[in-house]
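# Report on the structure
Here are the chains, one letter per residue:
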Amino acid sequence: MNADAEVGTGTGVHGTVAPGFEPVRDAFLRGFTALGERGAAVVVYRDGRRVVDLRGGTRDADGTEPWQPGTAQVVRSATKGVAAAALLLLHQRGRLDLDAPVAAYWPEFKARGKERALVRHVLAHQAGVPVLDQPLTPCEAYASDLAAAVVAAQAPAWEPGTDHGYHAHTYGWLTGELVRRVTGRSIGDWIAAEIAGPLGLDLWVGLPDAEAGRVGRLGRLDAPAAAGGPRVRPKPEVAAAYADPASLTRRAFAVVDPRPDENDPAYRAAVLPASNGIATADGLARFYAALIGDVEGGARLFTPETVALARGEAAAGPDRVLVTPTRFGLGFMLHGPAAPMLSPGSFGHPGRGGALGFADPESGIAFGYVTNAMGRGVTADARAQALIRALRTAAA
């Protein structure tokens, strides 16, 4: 790879690209010229070695300070893949039975008809508790013990294991409480000690005070139509579900009300493994690289058997929350129309608004994209998709 430098005179994009991966560079540049990008980074690993490392724009969506090599951002639901890895690693180590009832580890969870909910149902968004009868305030949401108790007491929206629907927020308290019950540690502490620390990842669920200065401010993506920006036109049934206060869709995304300020230090310091992970693009890509193989300076995390669990289809079809067909492995979204990745074998997780991380075992590719300009889409951002199309060309 070439030495870190500006990619094209006057572009404001810096980094390195290995020979053959120039299409990814070109797609990243187009994000700034045609898709309204403000500040972003993309990193790609192949067979454990970094082959793309690009950054550009400003660290804050509303600022002027350039994006630096260590700039991190809130990655929203891309956090879910990291939380899933915690549970799968505990299973791999013999400490968590995926086929055991959740209540075997968390007795309070069996309340109100949830005694048959299994750990694998939590990972596959089949637990039946994507909504809460009474939304939590941000302060209540930040109190993990309180929030977990509310989830445990909630009646399911369907019989656990019989259907699936995206657990937009409650997934975090479900996975977090299981890790706490099994290990005695918060999921944020466990991820720091067992995943991020050994691999040297710039990735946190619960941002330490010492790292706060590295994290950029989020803002809205306002891509001008004249510049070829994405036009988000949801299907009528999807738009209707988001507009209906009584729908599972609206209620699942309004579990925390009012919506937290994602630029608030208190939000970033909280442990919300469904939504508030913070990472660099390298941290996200390196995490996925380590799921499928050794990486420079670090050993692989998942055995082949655990990779098979992560990307084996556990739930598929019409999603009762997202109102579109989705596919889930155990904790990870799978490649498909709702969440396009590199190939049919890819698994990973997008973050609402733009962020995306995934692994593709067949090609040895791992991908991480983070941005501070939040789009409106939940699972398939136009900027990330442009990068994937370019990567597909480069990796062929």
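What this report covers is the structure whose coordinates are included nearby. Predicted model, so just to flag it, every value in this text is computed and none were measured. (Residues numbered from 1 in each chain as written. Predicted model: local features only at pLDDT ≥ 70, side-chain atom pairs only at ≥ 80, totals over all residues. Heavy atoms only, no water.)

## A short note on helix α5 (residues 144-153)
The condition that has to hold: Using a 1.4 Å probe on the protein chains alone, a residue whose accessible area is under 20% of its type maximum counts as buried, one over 50% counts as exposed, and one in between counts as partly exposed. Only DSSP runs of H or I reaching four residues or more are called helices, and only runs of E reaching two or more are called strands; each is numbered from the N terminus. When we speak of the arc, we mean the arc of directions from the helix axis to the C-beta atoms. A contact between two residues is defined here by any heavy atoms of the two lying within 4.5 Å.
All of the buried residues along α5 are A147, A148, V151 and A152. Viewed end-on, α5 has its buried residues packed into an arc of 140 degrees, placing them on one side of the element. Tucked inside the fold, the buried residues of α5 contact α4 (138-142) and α6 (170-183).

## Brief notes about the packing of aromatic side chains
What counts, and what does not: Two rings belonging to Phe, Tyr or Trp (six-membered ring only in the last case) form a pair when the distance between their centres is within 6.5 Å. Interplanar angles under 30 degrees mark stacking, angles over 60 mark edge-to-face geometry, and anything in between is tilted. As a reminder, the over-ring test applies to NZ of lysine and CZ of arginine, requiring each to be within 6 Å of the ring centre and within 35 degrees of the ring normal.
This model, assessed by the stated rule, comprises 11 aromatic pairs. Look at Y166 and F253: their rings are 6.3 Å apart centre to centre, the planes differ by 45 degrees, and that puts the pair in the tilted class. Taken together, the residues Y166 in the loop between α5 and α6 and F253 in helix α9 (residues 248-253) connect sequence positions 87 residues apart. Judged by relative accessible area, which is 18%, F253 ranks as buried. On the basis of an interplanar angle of 65 degrees and a centroid distance of 6.4 Å, the ring pair of Y288 and F347 is categorised as edge-to-face. On the criterion of sequence distance, the pair formed by Y288 in helix α11 (residues 281-292) and F347 in strand β12 (residues 347-350) is long-range, its members being 59 residues apart. Both residues of the pair, Y288 and F347, count as buried. Clustering of aromatic rings is evident, with ring pairs tying together Y166, Y242, F253 and F328. Positioned above the aromatic ring of F109 is the side chain of K114, whose terminal nitrogen or guanidinium carbon lies 4.8 Å from the ring centre. Directly above the aromatic system of F253 lies the positively charged group of R352, at a separation of 4.6 Å from the ring centroid.

## Considerations on the nonpolar core
Rules: Residues belong to a common nonpolar core when they are buried Ala, Val, Leu, Ile, Met, Phe, Trp, Tyr or Cys residues joined through side-chain atoms within 4.5 Å.
Grouped together as the largest cluster of nonpolar side chains are 121 residues, with contacts concentrated most on F287, L291, F302, F347 and F367. Apart from residues no more than four positions distant in its own chain, L291 is found in contact with A85, R300, L301, F302, V307, F332 and F347. Within the second largest apolar cluster, eight residues are counted, among which are A72, V215, L218 and I278.

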